[in-house]
Amino acid sequence: MMKISPSILSCDYGKIAEELKDMELAGADYMHIDVMDGHFVPNLTLGAPVIKCIRKATDVPFDVHLMISDPLKYIDDFCDAGADIITFHTECDSPIGETIDKILSRGVKASLTVKPKTPVEDIFPYLDKLSMVLIMTVEPGFGGQSFMEDMMAKVSALRNEINARGLDCEIEVDGGINEKTIAIASAAGADVFVSGNALFSSADRKAAVEKFKAIAEENFCKNC
Ligand code: DX5
Ligand code: ZN
């Protein structure tokens with residue numbers, strides 16, 4: 001099943017709870033929450049206390065993307081706040097295996113991601129423990145950037161590895177996803193699509209989510 005994870009980075013932060021409800025009604029499968037520390041990436045967003053507050057707004061699973069230098073230090077906070085999936089970067093300063101085990105010990109799904117310049121193979125040793133892998137299709141830090149099509153080689157390599165090992169692991173893409181690029185990403189083998197600007201700026205969000213899913217279904221793995 002193709003899943004859509006709207007990135008709340010593009011929502012109106014003055015009314016996050018309403019925006020989450022609106023995206024739930026539009027058909028969102030996950031809510032993508034970007035956490036930035038102003039150190040790992042050159043931008044600041046929000047932390048666990050805000051996630052805890054907005055957790056009440058919807059039952060849709062929270063897909064928390066940690067763009068922070070030391071994720072291990074904060075895993076308990078994000079689990080307590082209600083994260084359902086926690087994604088962190090291989091380029092961070094925390095020990096990767098230990099951080100995954102910490103997430104799993106809390107009954108939360110673990111996911112790893114790589115920045116555009118990092119090879120996807122860096123994730124392969126941990127694949128058996130992951131529910132999802134995120135392939136960044138922009139440099140992390142800001143919404144509204146252009147999709148990097150050359151990241152599709154990573155998506156295909158990952159899809160092949162997951163299939164070869166018979167794993168149940170989703171492949172998410174994040175950055176510059178719109179009606180055109182979702183076709184390219186799904187054809188390469190992605191099945192979870194983060195979208196900020198394109199979804200939040202659309203006049204009819206429900207129609208936009210439905211269209212995204214239909215395009216992804218139609219193109220899935222054409223180039224796997
Ligand atoms: C970028 C974030 C993305 C971003 C995507 O660092 O990880 O989740 O919000 O936004 P769009 O879809 O606008 O590129
Ligand atoms: Zn993100």
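Shown above is the structure to which this text applies.
Student: I would appreciate a short explanation of the coordination of the zinc ion (ligand 2) in the present structure.
Tutor: For a metal with four tetrahedral donors the ideal donor-metal-donor angle is 109.5 degrees, whereas six octahedral donors ideally subtend 90 or 180 degrees. At 2.1 to 2.3 Å from the zinc ion (ligand 2) lie its protein donor atoms, namely His32 (NE2), Asp34 (OD), His65 (ND1) and Asp174 (OD). Metal-centred angles of 69 to 170 degrees between the six donor atoms at the zinc ion (ligand 2) mark the site as octahedral. Ordering the donors of the zinc ion (ligand 2) by residue number gives the pattern H-x1-D-x30-H-x108-D. With His32 in strand 2 (residues 31-36) and Asp174 in strand 7 (residues 170-174), this residue pair connects regions lying 142 residues apart in the sequence. With a relative accessible area of 0%, His32 lands in the buried category.

Student: Can you help me understand the site of ligand 1 in this one?
Tutor: Neighbouring residues of ligand 1: 20 residues in total, closest Asp34, Gly141, Asp174, Gly176 and Gly196. One of the backbone nitrogen or oxygen atoms of Asn197 is found 3.0 Å away from an oxygen atom of ligand 1. For ligand 1, whose free accessible area comes to 380 Å², the fraction covered by protein is 99%. Mapping ligand 1 onto the cavity grids shows that it belongs to the largest pocket. Mapped by element, the contributors of at least two residues to the shell around ligand 1 are strand 2, strand 3 (62-67) and strand 8 (192-195). Here the shell around ligand 1 is built from residues that sort into seven nonpolar, 11 polar and two charged.

Student: Just to check I follow, could you spell out the pattern of salt bridges for this structure?
Tutor: Taken as a whole and judged by the stated rule, the model has 16 salt bridges. Residues Asp84 and Arg55 are paired through a salt bridge, measuring 2.8 Å at the closest nitrogen-oxygen approach. Of the two residues, Asp84 is situated in the loop between helix 3 (75-81) and strand 4 (85-89) and Arg55 in the loop between helix 2 (48-54) and strand 3; the sequence distance between them amounts to 29 residues. With a shortest N-O distance of 3.4 Å, Arg159 and Asp191 are connected by a salt bridge. In this pair, Arg159 sits in helix 5 (residues 152-165) while Asp191 sits in the loop between helix 6 (181-188) and strand 8, placing the two residues 32 residues apart along the sequence. Judged by its relative accessible area of 12%, Asp191 falls in the buried class. By sharing partners, the salt bridges in this structure join Asp76, Asp80, Lys102 and Arg106 into a single network.

Conventions and cut-offs
Residues numbered from 1 in each chain as written. Chains lettered and ligands numbered in written order. Predicted model: local features only at pLDDT ≥ 70, side-chain atom pairs only at ≥ 80, totals over all residues. Heavy atoms only, no water. Donors = N, O, S within 2.8 Å, 3.2 Å for Na, K, Ca; no water. Tetrahedral: all angles 85-135°; square planar, octahedral: opposite > 155°, others 65-115°. Helix = DSSP H or I, 4+ residues; strand = E, 2+ residues; numbered from the N terminus. Buried < 20%, exposed > 50% of the residue type's maximum accessible area, 1.4 Å probe, protein only. Near = heavy atom within 4 Å. Polar contact = N/O pair within 3.5 Å; in protein donor to acceptor, adjacent residues only side chain to side chain. Areas by Shrake-Rupley, 256 points an atom, 1.4 Å probe, with all protein chains shown as cover. 1 Å grid on protein atoms, 1.4 Å probe; cavity = no way out; pocket = protein on both sides within 12 Å on 5 of 7 lines; lining within 4 Å. Sits in = over half its atoms within 2 Å of the grid points. Nonpolar A, V, L, I, M, F, W, Y, C, P; charged D, E, K, R; others polar. Salt bridge = Lys/Arg side-chain N within 4 Å of Asp/Glu carboxyl O.

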